[in-house]
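These are the residues of each chain, in order.
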Amino acid sequence: MQFSEDDESSLLLFSAEHFMRRAIDLAQQAATEDEVPVGAIIVHKHNIIGAAYNQRENLADPTAHAEMIAITQAAAALKSWRLIDCELYVTLEPCPMCAGAILQSRIPRVIYGAADNKAGAVESLFHLLSDPRLNHQCEITGGVLAADCGRMLTQFFENKRRQGKK
């Protein structure tokens, strides 16, 4: 069966939304644990091999971002640091640390939800994943379910501010 270009892009969008919803579920779990609600999954040949959410507070580890934990899980699953046939889905645009780990692990495709105008290293502040001076670049798709992803973050920080005023 052959698909037209429109059919193929619809299938890709459906797939991206499906996996982003899984990342959103993880982000919601982070929020229940009083962590900044960011979730990430890594997909290898349509199978999730890494799934994580932010755990900086719980682990007292500044590197415990969702992307970093998911990358570690995926590398263990594949028994390789090269994640060349993988896709990363994350609810928030990666920061410079996570973008560096994405480049180091050779992930070829990154799909993110909400832009991060304060720390985004993919398209907002920096363009690390597409910088031709580096030895690896990624295909980037931003804005997948951005409203849902952004709403979680906005609500989380609004609640934090309200708690701080009490």
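One structure accompanies this document, and this report is about it. (Residues numbered from 1 in each chain as written. Predicted model: local features only at pLDDT ≥ 70, side-chain atom pairs only at ≥ 80, totals over all residues. Heavy atoms only, no water.)

1. Digging into the sheet that holds strand β5 (residues 139-141)
This is how the line gets drawn: Think of it this way: DSSP has to see at least two bridges between two strands before they count as a pair. The secondary structure listing takes helices from DSSP runs of H or I that are at least 4 residues long and strands from runs of E that are at least 2 residues long, numbered from the N terminus. All axes are obtained by fitting lines to C-alpha atoms, using only the stretch in contact for helices, and the reported angles, taken between N-to-C directions, cover 0 to 180 degrees.
Pairing in this open sheet of 5 strands is mixed, and the strands run β2-β1-β3-β4-β5 from one edge to the other. Strands with a single pairing partner mark the edges of an open sheet, and in this sheet they are β2 (47-53) and β5. Strand-to-strand twist of the sheet, defined as the mean angle between neighbouring strand axes without regard to direction, takes the value 15°. Here strand β1 (residues 39-44) pairs with β2 via 6 bridges, running antiparallel. Residue pairing for β2: Ile 42 is matched across the bridge by Gly 50.

2. Quick look at the environment of Pro 62
For clarity, the threshold we go by: Should any heavy atoms of two residues lie within 4.5 Å, those residues are counted as being in contact.
Along the chain, Pro 62 falls in the loop between α2 (56-59) and α3 (66-78). The contacts of Pro 62, once residues within four sequence positions are left out, are Arg 56 and Met 97.

3. As for the packing of α3 against helix α4 (residues 96-104)
Note the cut-off: Orientation is classified from the angle alone, with under 35 degrees giving roughly parallel, over 145 giving roughly antiparallel, 65 to 115 giving roughly perpendicular, and any other angle giving oblique. Note on convention: the crossing is left-handed when the near helix lies turned anticlockwise from the far helix by less than a right angle, right-handed when the turn is clockwise. Nonpolar residues are Ala, Val, Leu, Ile, Met, Phe, Trp, Tyr, Cys and Pro. Charged residues are Asp, Glu, Lys and Arg, and all others, Gly as well, are polar.
For the pair α3 and α4, the least separation of the axes is 9 Å and the interaxial angle reads 20°. Accordingly, the angle class assigned to the pair α3 and α4 is roughly parallel. Remark: the crossing between α3 and α4 carries left-handed chirality. Residues Glu 67, Met 68 and Ile 71 of α3 form the contact with α4, whose participating residues are Met 97, Cys 98, Ala 101 and Ile 102. In terms of residue class, the contact of α3 with α4 is made up of 6 nonpolar, no polar and 1 charged.

4. Regarding the nonpolar core
Note the cut-off: Residues belong to one nonpolar core when they are buried, are Ala, Val, Leu, Ile, Met, Phe, Trp, Tyr or Cys, and are joined through side-chain atoms within 4.5 Å. Relative accessibility under 20% of the residue-type maximum defines a buried residue, over 50% an exposed one, and the middle range a partly exposed one, all with a 1.4 Å probe and only protein chains included.
Among the nonpolar cores identified, the biggest contains 47 residues, and Met 20, Ile 42, Leu 83, Ile 102, Ile 107 and Leu 129 are the most heavily contacted of them. Within the residue set of this core, elements represented by two or more residues are α1 (5-32), β1, β2, α3, β3 (86-92), α4, β4 (109-114) and α5 (146-165). Among the elements that make up this core, the one with the highest residue count is α1 (8 residues). For Met 20, the contacting residues outside a window of four places in its chain are Tyr 89, Val 90, Thr 91, Ile 111, Tyr 112, Gly 113, Val 144, Leu 145 and Cys 149.

5. Looking at the state of the cysteines
We apply this condition: Note on terminology: pairs of cysteine sulfur atoms within 2.5 Å are recorded as disulfides.
Inspection of the entire model under this criterion finds 0 disulfides. This cysteine, Cys 86, is not joined by any disulfide, and Cys 138 carries the nearest cysteine sulfur, 12 Å off. Lacking any disulfide linkage, Cys 95 is separated from the closest cysteine sulfur, that of Cys 98, by 3.8 Å.

6. So, the packing of aromatic side chains
Defined as follows: For this analysis, a ring pair means two rings from Phe, Tyr or Trp (six-membered ring only for Trp) whose centres lie within 6.5 Å, classed as stacked if their planes differ by under 30 degrees, edge-to-face if by over 60, and tilted for the remaining angles.
Per the stated rule, a full pass over the model turns up 2 aromatic pairs. When the ring of Phe 19 is compared with that of Tyr 89, the centres are 5.2 Å apart and the planes differ by 40°; the resulting orientation is tilted. In this pair, Phe 19 sits in helix α1 while Tyr 89 sits in strand β3, placing the two residues 70 residues apart along the sequence. Residue classification places Phe 19 among the buried positions, given a relative accessible area of 7%. A centroid spacing of 5.1 Å and a plane angle of 85° characterise the contact between Phe 156 and Phe 157, whose relative ring orientation is edge-to-face. Residue Phe 157 is classed as partly exposed on the basis of its relative accessible area, which comes to 35%.

7. A short note on α3
This is how the line gets drawn: The length a helix should cover is 1.5 Å for every residue beyond the first.
With 13 residues, α3 extends 18 Å between its outermost C-alpha atoms, agreeing within 8% with the 18 Å of an ideal straight helix rising 1.5 Å per residue. The inward-facing, buried residues of α3 abut β1, β2, β3 and α4. At the C-terminal side of α3, Lys 79 shows a positive phi close to 55°.

8. Looking at the side chain of His 65
By the secondary structure assignment, His 65 is in the loop between α2 and α3. If we ignore the near neighbours within four places in the chain, the residues touching His 65 are Asn 54, Arg 56, Cys 95, Met 97 and Cys 98.

Remember, this is a structural readout, not a statement about activity or role.
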